[in-house]
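Here is what each chain is made of, one letter per residue.
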Amino acid sequence: MRIIGIAASLHAGSFINRLLAAVSGELPSGVDFTPWKELAAVPPFTTGPVPDTPSGLLRMVDDADALLLIAPEHSLLPVELGDALRWLSASGTLTGKHVAVMSASARPCGAMWAQAELYRQLTEAGAVVMGAELVISPLCPHFDERGRLTVGRLREQVRDVVSRLCPAAVGEPVPVMEPVPLRQPALKREAALTA
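Keep in mind that what you see is a predicted model, and the values were worked out from it rather than measured.

Draft legend 1. Here's a closer look at the side chain of threonine 93. Note that threonine 93 resides in the loop between α3 (79–91) and β4 (98–105). A distance of 2.5 Å separates a polar atom in the side chain of threonine 93 from a polar atom in the side chain of serine 91. The contact partners of threonine 93, leaving out residues within four places of it in the chain, are Leu58, Val61, Asp62 and Leu88.

Take a look at the structure:
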């Protein structure tokens, strides 16, 4: 089976881009993983002829069995990723497509908003979405000289996400993966209760 991977970062050396590259070392046998690296070149969505970059993305995702997206820690997604998702949504390419959303954060729930926004957009586009948030420490090295993950716990989490995505794409029963809880910050929650 084939999985396309997209990191929601325009910086080649960013942690999530390195994490996306490291996924290739944690795949089950028989899985082909292709990172898509043209996010910075995606133009805003328009009607009419599809430009080359989004057209290539549409073909890749359409031909793939599944899609893996890695969200950034901060709450704002790159504009280019929103444009890419709009091209995919408008074409119907995401309808029924199995998508895993993974995020990395130095603190619990640090990537919650970005991941929740990806869930919303993907679900509205008709995708079948699952995912997990990886909590990392900024104080220790995460990759070896070959770019592979060095922390056993993180490797297990990445393998868990990918292994759940693989049977989903080929129509086998999928273990339950809890979605990201949409929790409000304390101030907003209190305001809602007193309104």
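Draft legend 2. Representation of the pattern of salt bridges. In this structure the tally under the stated criterion is nine salt bridges. In this structure, arginine 159 engages glutamate 26 in a salt bridge whose closest nitrogen and oxygen atoms are separated by 2.7 Å. Residue arginine 159 is found in helix α5 (residues 152–169), and its partner glutamate 26 is found in the loop between α1 (15–23) and β2 (32–35); the two are separated by 133 residues along the sequence. The partly exposed category is assigned to arginine 159, whose relative accessible area is 39%. Measuring nitrogen to oxygen at the nearest pair gives 3.8 Å for the salt bridge that ties aspartate 144 to arginine 146. Judged by its relative accessible area of 21%, aspartate 144 falls in the partly exposed class. Taking the relative accessible area as the measure of exposure, arginine 146 reaches 61% and is therefore exposed. If you follow the salt bridges from partner to partner, you end up with Glu26, Arg148, Arg155 and Arg159 in one network.

Rules used throughout
- Every chain begins its residue count from 1, and numbering advances along the sequence as written.
- Only residues with pLDDT of at least 70 get local features here, since the model is predicted, and only at 80 or more are side-chain atom pairs given and counted; chain-wide, interface and lining totals rely on the full set of residues.
- Hydrogen atoms and water are omitted, and side-chain values are computed over all heavy atoms in the structure.
- Counting from the N terminus, the helices are the DSSP runs of H or I reaching at least four residues and the strands are the DSSP runs of E reaching at least two.
- Here a polar contact means two N or O atoms within 3.5 Å. Within protein one must be a hydrogen donor candidate and the other an acceptor candidate, and residues neighboring in sequence count only if both atoms are side-chain atoms.
- In this description, contact between two residues means that some pair of their heavy atoms is separated by no more than 4.5 Å.
- Whenever a carboxyl oxygen of Asp or Glu lies within 4 Å of a side-chain nitrogen of Lys or Arg, that contact is scored as a salt bridge.
- Throughout, exposure labels follow a simple rule: accessible area from a 1.4 Å probe, protein chains only, divided by the maximum for the residue type, with under 20% read as buried, over 50% as exposed, and the rest as partly exposed.

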